[in-house]
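The lines below spell out each chain.
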Amino acid sequence: MSDEAAVSYNGPERVFSGVQPSGNLTLGNYLGAIKRFVAMQESHDCLYCIVDMHAITVWQDPSELTRATRELTAAYIACGLDPARSILFNQSKVTAHAELAWVFNCVARMGWMERMTQFKEKSGKHKERASLGLFAYPALMAADILAYKATHVPVGDDQKQHVELARDIAQKFNQDYNAQGFFPVPEPIIQGVATKVMSLRDGAKKMSKSDPSDMSRINLTDDTDAIAKKLRRAKTDPDELPADAKGLEGRPEARNLLSIYAALADEELVTVLDHFGGRQFRDLKEALTELTVVKISPITEETRRLMGDPGAIDKILEDGAERARAIADPVMADVRRLVGFV
Ligand code: TYM
């Protein structure tokens, strides 16, 4: 498909992204996504969603889902998202997501969905036992983005394929319904040194909240002792640290720890390589522990403080949902008309 549809969209720029309220937030979520969300508030109108409907594509205990939704909202704010400036809300409060997702289920092709690597990974060997929601998940994600005609989507590397699917859906909708330029073709924004933070136990695997080993990740709720222990035991290799990017080839653990350091310190990777080149992993691990604690513990404490007033969090979500509906409702009215719903 050509980029004609993209060229003819002339609405305003808008940012949308989301995080699932399932399990603990990891350092990967923070560096790959939420830290980037905070930065984009400076230049754009942003919506940041707590995607509770995505979370239930795998089983969630209902009371735990409620708690995790509030905790993620608190963590968003503790990380620096400002509910007065950006729209913070949970997905299930705005019905446009589910409604548009259905239309997109009818636009997306089975072949497109079957190519999604995350479904293959998450469903594993027992594809037939996965929920239908897990399979259709990327169409809901496209609806999240396009219900607001969002043009920019900050995500970590692992969500790139899903944003690309949203681009295909936007273009096919515009073409099928003879509505060139109706939906923008959204751009994935995958930036910074930590777009793919790897497991502390295996430099070839992504750091993930669903990894059975808690030692594989730093959670935003970890205390100083836990952070120190996990980094001390993080996998390394026997050589000293390289001084340039070429020396990182074939050394995923060194690359990962140095990249995490650079992202947390807001430094370029070359600067960090220059500093640690020729030194032992032990020095890097000590410095990284100190830096992680300095950066993460204020977030942990502020999240805990905000969780002390769940009523205030619910009010922020309600206010965000109202502002979100004001954008999505007119888009949905146009979609209904274009599709021919009476
Ligand atoms: P989720 O909840 O798995 O992850 C949230 C964000 O964190 C990023 N991320 C990482 N970045 C770097 N290194 C890692 N190890 C790492 N692990 C996670 C993810 O790339 C993501 O940006 N489907 C999405 C949520 C979603 C969404 C959307 C995103 C739903 N609707 C619309 C953008 C636009 C998800 O499950 O993310």
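Located above this text is the structure these notes cover.
Residues numbered from 1 in each chain as written. Predicted model: local features only at pLDDT ≥ 70, side-chain atom pairs only at ≥ 80, totals over all residues. Heavy atoms only, no water.

### Description of the site of the ligand
- What surrounds the ligand is a group of 27 residues, the closest being Gln20, Tyr137, Asp144, Asp158 and Val197.
- Within the contact set of the ligand, an oxygen atom lies 3.1 Å away from a side-chain nitrogen or oxygen of Asn29.
- The backbone of Val197 places a nitrogen or oxygen atom 2.8 Å from a nitrogen atom of the ligand.
- Protein chains bury 97% of the 710 Å² of accessible surface belonging to the ligand in isolation.
- Elements with a contribution of two residues or more to the shell around the ligand: β1 (15-19), α2 (27-40) and α8 (132-146).
- Of the residues assigned to the shell around the ligand, the class counts are 12 nonpolar, 10 polar and five charged. (Near = heavy atom within 4 Å. Polar contact = N/O pair within 3.5 Å; in protein donor to acceptor, adjacent residues only side chain to side chain. Areas by Shrake-Rupley, 256 points an atom, 1.4 Å probe, with all protein chains shown as cover. Helix = DSSP H or I, 4+ residues; strand = E, 2+ residues; numbered from the N terminus. Nonpolar A, V, L, I, M, F, W, Y, C, P; charged D, E, K, R; others polar.)

### As for the environment of Tyr148
- For Tyr148, the location among the structural elements is in the loop between α8 and β4 (152-154).
- On the accessibility criterion, Tyr148 (0% relative accessible area) is buried.
- Residues Tyr148 and Pro184, spaced 36 residues apart in sequence, show a C-alpha to C-alpha distance of 9.8 Å.
- With residues up to four places along the chain from it excluded, the contact list for Tyr148 reads Arg14, Phe16, Leu47, Phe89, Val94, His97, Ala324, Ile327 and Ala328. (Buried < 20%, exposed > 50% of the residue type's maximum accessible area, 1.4 Å probe, protein only. Contact = heavy atoms within 4.5 Å.)

### What to know about the side chain of Gln159
- Within the element layout of this structure, Gln159 appears in the loop between β4 and α9 (160-176).
- Non-local contacts of Gln159, meaning those with residues more than four positions away in its chain, are made with Gln118, Tyr137 and Met141.

### A closer look at the pattern of salt bridges
- Taken as a whole and assessed by the stated rule, the structure comprises 21 salt bridges.
- A salt bridge links Glu187 to Arg167; the shortest N-O distance between them is 3.6 Å. Taken as a pair, Glu187 in strand β5 (residues 187-189) and Arg167 in helix α9 lie far apart in primary sequence, 20 residues in all.
- For Glu187, a relative accessible area of 38% gives the class partly exposed.
- The exposure class of Arg167 is buried, given its relative accessible area of 18%.
- Of the charged contacts, one joins Asp211 and Lys205 as a salt bridge, the two residues approaching to 3.4 Å between their closest N and O atoms.
- What makes Lys205 partly exposed here is its relative accessible area of 41%. (Salt bridge = Lys/Arg side-chain N within 4 Å of Asp/Glu carboxyl O.)

### Considerations on the pairing of β1
- Buried residues dominate β1, accounting for four of its five residues.
- One crossover worth recording links β1 to the parallel strand β2 (residues 46-50) by way of α2, and it is right-handed. (Right-handed = clockwise from strand over helix to strand, strands pointing away.)

### Brief notes about the packing of helix α5 (residues 96-107) against α8
- Running from N to C, α5 and α8 cross one another at 125°; their axes reach a closest spacing of 8 Å. It follows from the interaxial angle that α5 and α8 lie oblique. Judged by the twist between their axes, the crossing of α5 over α8 is right-handed. Contact residues: His97, Leu100, Ala101, Phe104 and Asn105 in α5; Ala136, Ala139, Leu140, Ala142, Ala143, Asp144 and Leu146 in α8.
- Of the residues in the contact of α5 with α8, the class split is nine nonpolar, two polar and one charged. (Axes fitted to C-alpha atoms, helices over the stretch in contact; angles between N-to-C directions. Parallel < 35°, antiparallel > 145°, perpendicular 65-115°, else oblique. Left-handed = near helix turned anticlockwise from the far one by under 90°.)

### Considerations on the nonpolar core
- Core analysis: the largest hydrophobic core is formed by 57 residues, its most contacted members being Leu27, Tyr30, Leu31, Tyr48, Tyr76 and Leu258.
- Both domains that meet at this core, namely domain 1 (4-190 + 309-339) and domain 2 (214-304), each give it at least three residues.
- Judged by nonpolar contacts, the second largest core, of 48 residues, contains Phe89, Ala96, Ala108 and Phe135. (Core = buried A, V, L, I, M, F, W, Y, C linked by side-chain atoms within 4.5 Å. Domains from an automatic or database assignment.)

### Considering the packing of aromatic side chains
- All chains considered together, the criterion is met by 12 aromatic pairs.
- Considering the side-chain rings of Phe37 and Tyr76, the 6.2 Å spacing of their centres and the 70° angle between planes classify their relative orientation as edge-to-face. Of this pair, Phe37 sits in helix α2 while Tyr76 is found in helix α4 (residues 62-79), placing the two residues 39 residues apart along the sequence.
- Phe37 sits in the buried class, given a relative accessible area of 0%.
- In this structure Tyr76 comes out as buried when scored by relative accessible area, which is 0%.
- For the ring pair Tyr261 and Phe276, a centre distance of 5.2 Å and an interplane angle of 80° mean the geometry is edge-to-face. Residue Tyr261 is located in helix α11 (residues 252-265), and its partner Phe276 is located in helix α12 (residues 269-276); the two are separated by 15 residues in the primary sequence.
- With relative accessibility at 14%, the residue Tyr261 sits in the buried group.
- Linked through ring pairs, Phe104, Phe173, Tyr177, Phe182 and Phe183 together constitute an aromatic cluster. (Phe/Tyr/Trp six-rings, centres within 6.5 Å; stacked < 30°, edge-to-face > 60°.)

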